Amino acid sequence: EAGVAQSPRYKIIEKRQSVAFWCNPISGHATLYWYQQILGQGPKLLIQFQNNGVVDDSQLPKDRFSAERLKGVDSTLKIQPAKLEDSAVYLCASSLDLRGGSGYTFGSGTRLTVV
Amino acid sequence: KNQVEQSPQSLIILEGKNCTLQCNYTVSPFSNLRWYKQDTGRGPVSLTIMTFSENTKSNGRYTATLDADTKQSSLHITASQLSDSASYICVVSYTSGGSYIPTFGRGTSLIVHP
């Protein structure tokens, strides 16, 4: 079974620039999550999708972050404009359903450095 | 406020020794608790999952316990190996509006020395 695919693996941008991350979840997984993991901390949930609908985006900084999952499969997370404090690893995860009973499968993440 | 606290923040042990990691939570209403292992530069990988009625769950040399009354969990690693060096993250999920929201701890960084 293919895992959760994320790209790019690394990204370095200057502050105030824009950046986008891509995630392809495991086939058949209806629920998709984006997490931000700052160095030395656990992942923080940014947004949770069920198919193409948003379930929870309460911790997403909506003034600069946006995410979409238009066809209920792939998802993109965008930051515009980026700030220094956005430097982190952005993890994508998927699960079969909202319950997550089968577990969450994580991608390897995109490491973003804002300079 | 839903929170997950882990201790110690970091731990160094010698290969072959046992260790226990702690997780305390205030998440409510409780759905399940998972322990994840996160190798450097990789995404977290699930080790165990426990629901309210389960007290212990094993996965090889990893044994997780759950005390739902005191809202505490532990992860015991037996006969540690160098490959156990990683961050161990406790994740507690709560229910909200029909959905299950995972809350992550900051993790315990484990280093196993030869």
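Note that the structure is predicted; figures quoted are calculated from it, not measured.

A. Inspection of the overall build of chain B at higher detail. The secondary structure content of chain B amounts to 0 helices and 11 strands. From first element to last, N terminus to C terminus, chain B shows the α and β order β-β-β-β-β-β-β-β-β-β-β. For chain B, the C-alpha radius of gyration of 14 Å lies close to 13 Å, the compact-globule estimate for 114 residues. Counting only C-alpha atoms, chain B reaches 50 × 30 × 20 Å along its principal axes. Across chain B, contacts joining residues at least 24 apart in sequence account for 55% of those joining residues at least 6 apart. For chain B, the separation between the mean place of its 9 positive charges and that of its 7 negative charges on side chains is 5 Å.

B. Region of interest: the sheet that holds strand S3 (residues 19-24) of chain A. Residues and elements named next belong to chain A. Spatially, S1-S3-S8-S7 is the arrangement adopted by the 4 strands of the open sheet, whose pairing is antiparallel. Of all strands in the sheet, those bounded by a partner on one side alone are strand S1 (5-7) and strand S7 (65-68). Strand-to-strand, the axes of this sheet are offset by a mean angle of 15 degrees, without reference to chain direction. Of the strand pairs in this sheet, S3 and strand S8 (residues 75-79) are connected by 5 bridges, and their pairing is antiparallel. Note that in S8 the partner of Cys 23 across the bridge is Ser 75.

About the cut-offs
- Numbers given to residues run from 1 along each chain, matching the order in which its sequence is written.
- Chains carry letters and ligands carry numbers; both start at the beginning, A for chains and 1 for ligands, and go up in the order they are written.
- The predicted nature of this model means local features are confined to residues of pLDDT at least 70 and side-chain atom pairs, given and counted, to a pLDDT of 80 or more, with totals for whole chains, interfaces and linings taken over all residues.
- The basis for every side-chain value is the complete set of heavy atoms in the structure, and neither hydrogens nor water enter the calculation.
- Secondary structure is summarised from DSSP: a helix means a run of H or I of at least four residues, a strand means a run of E of at least two, and numbering begins at the N terminus for each.
- Restricting the calculation to C-alpha atoms gives the radius of gyration, and the globule rule supplies 2.2 Å times the number of residues raised to the power 0.38.
- The contact criterion used is simple: two residues touch if any of their non-hydrogen atoms lie within 4.5 Å.
- The charge count treats Lys and Arg as positive and Asp and Glu as negative. His and the chain ends do not count.
- Each charge is placed at NZ for Lys, CZ for Arg, CG for Asp and CD for Glu.
- Note on pairing: two strands pair once DSSP finds at least 2 bridges between them.
- The convention used is that axes are lines fitted to C-alpha atoms, helices contributing only their stretch in contact, and that angles between N-to-C directions extend from 0 to 180 degrees.

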